[in-house]
Amino acid sequence: MNKKNTRISWQWIFIFLMVYFCVLLNSCNCIECPECGECPECTQCPGCPPLLHQIKGVNYYPSAHSWDLIWLEWAPEEINVELDAVTDLDLNIIETYIHYPVFYSTTKRIVDQQMLNRLDEFLALVESKNCFAVLTLFDFVTDVSMPTWEDHKRYLDGVVGRFKDDSRIYMWGLHNEMNRLITENEQSPDSVIAWIEEMIKYIRSMDSFHQIELEINDPDAAIYLTDLDFDVLGLSFHDDPEV
């Protein structure tokens with residue numbers, strides 16, 4: 001091969017590599033939707049559950065209304081202002097916690113419709129920031145013995161039943177810091193695992209749209225979850241600064 005042909009060959013290789021990397025940099029790491037087979041983020045398919053290429057999120061309570069006060073002392077103006085910081089941080093997930101004793105009355109055995117309406121308003125605020133919500137269903141619930149299961153299912157009927165097709169929700173979290181529920185509880189680990197299995201099964205019977213997250217803050221606790229039917233393992237190792 002003469003020098004001219006060699007120079008032409010290298011020019012074509014250079015052009016090919018430039019085109020390849022341009023395509024690579026401008027293409028997305030597509031996630032296939034189980035419903036339509038397309039990438040929801042690229043096609044914006046309205047029938048797809050929300051799937052993101054990269055999750056960047058934060059746990060959220062209003063600064064002046066933490067824990068259950070987010071729902072009991074509802075302050076949407078405060079939430080709206082604080083969620084504006086999400087845009088500055090380039091986040092796409094807001095996780096908060098639905099407090100079972102606030103949303104469900106074990107004496108009347110009904111879900112509070114006012115709380116559901118506040119949750120709907122919270123989801124609208126999250127959507128207005130171009131984000132999705134992760135909603136943890138059971139926080140500070142420690143009694144998961146079998147007599148509580150019927151009430152827990154009635155609660156899920158009210159919350160998951162209402163929002164089962166809501167695309168503003170990225171996924172359901174079952175319980176915050178699941179390892180504490182399993183290992184620091186009056187019930188045996190096997191009893192807690194049985195409750196987790198039953199709640200996941202019940203959620204899936206109503207909602208095939210959203211994924212289910214189990215969250216732990218101890219990596220050793222993952223051994224308890226190996227046989228469970230969940231989609232996402234959330235890790236929050238804030239107790240150990242070296243992790």
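The rules behind each value
- Residues numbered from 1 in each chain as written.
- Predicted model: local features only at pLDDT ≥ 70, side-chain atom pairs only at ≥ 80, totals over all residues.
- Heavy atoms only, no water.
- Helix = DSSP H or I, 4+ residues; strand = E, 2+ residues; numbered from the N terminus.
- Expected span 1.5 Å × (residues − 1).
- Buried < 20%, exposed > 50% of the residue type's maximum accessible area, 1.4 Å probe, protein only.
- Polar contact = N/O pair within 3.5 Å; in protein donor to acceptor, adjacent residues only side chain to side chain.
- Contact = heavy atoms within 4.5 Å.
- pLDDT = per-residue confidence, 0-100.
- Phe/Tyr/Trp six-rings, centres within 6.5 Å; stacked < 30°, edge-to-face > 60°.
- Axes fitted to C-alpha atoms, helices over the stretch in contact; angles between N-to-C directions.
- Left-handed = near helix turned anticlockwise from the far one by under 90°.
- Nonpolar A, V, L, I, M, F, W, Y, C, P; charged D, E, K, R; others polar.

## Overview of helix α6 (residues 113–128)
Link 1 in the chain: An ideal rise of 1.5 Å per residue puts 22 Å on 16 residues; α6 measures up with 23 Å between its terminal C-alpha atoms.
Link 2 in the chain: All buried positions along α6 are accounted for by Met115, Leu116, Arg118, Leu119, Phe122, Leu123, Leu125 and Val126.
Link 3 in the chain: Where α6 starts, the residue carrying a side-chain oxygen 2.8 Å from the main-chain nitrogen of Gln114 turns out to be Asp112.
Link 4 in the chain: Within two residues after α6, Asn130 carries a phi angle of roughly 60°, on the positive side.

## Structural notes on the environment of Leu233
Link 1 in the chain: As for its placement among the helices and strands, Leu233 is situated in strand β8 (residues 232–235).
Link 2 in the chain: In the structure, Leu233 is positioned 60 residues away from Gly173 in sequence and 9.6 Å away in space, judged by C-alpha atoms.
Link 3 in the chain: Residues contacting Leu233, with those up to four places away along its chain left out, are Leu214, Ile216 and Leu225.

## Overview of the confidence of the model for the protein chain
Detailed reading of predicted coordinates is not advised where the pLDDT is low.
Link 1 in the chain: The share of residues in the protein chain with pLDDT of 70 or more is 75%, and the mean pLDDT across the chain is 79.
Link 2 in the chain: For the stretch residues 3–31, pLDDT sits under 50, and the model shows 15 contacts to residues farther than four places along the chain or on other chains.

## Things to note about the side chain of His175
Link 1 in the chain: Residue position: His175 is located in strand β6 (residues 169–175).
Link 2 in the chain: Here His175 falls in the buried class, since its relative accessible area comes to 6%.
Link 3 in the chain: In this structure the side chain of His175 is engaged in a polar contact, spanning 2.8 Å, whose partner is the backbone oxygen of Val141.
Link 4 in the chain: In this structure His175 touches Thr136, Phe138, Phe140, Val141, Leu181, Trp195 and Glu215, once residues within four positions along its chain are discounted.

## Remarks on the packing of aromatic side chains
Link 1 in the chain: Summed over the entire model, instances satisfying the criterion amount to 12 aromatic pairs.
Link 2 in the chain: Between Tyr61 and Trp67, the ring centres sit 5.2 Å apart and the planes meet at 55°, which makes this aromatic pair tilted.
Link 3 in the chain: Here Tyr100 and Tyr155 contribute two aromatic rings whose centre-to-centre distance is 5.0 Å and whose plane-to-plane angle is 85°, an arrangement assigned as edge-to-face. Residue Tyr100 is found in helix α5 (residues 100–103), and its partner Tyr155 is found in helix α7 (residues 149–163); the two are separated by 55 residues along the sequence. We note that Tyr100, like Tyr155, is buried.
Link 4 in the chain: The rings of Tyr100, Tyr104, Phe138, Tyr155 and Trp195 are connected pair by pair, giving a single aromatic cluster.

## Focus on the packing of α7 against helix α9 (residues 189–206)
Link 1 in the chain: One way to put it is that α7 packs onto α9 with a least axis distance of 10 Å and a crossing angle of 35°. The way α7 lies across α9 gives a crossing that is right-handed. For the pair formed by α7 and α9, the contact residues are Trp149, His152, Lys153, Leu156, Asp157, Val160 and Gly161 on the first element and Ala194, Trp195, Glu198, Met199, Tyr202, Ile203 and Met206 on the second.
Link 2 in the chain: Residue composition of the contact of α7 with α9, by class: 9 nonpolar, 2 polar and 3 charged.

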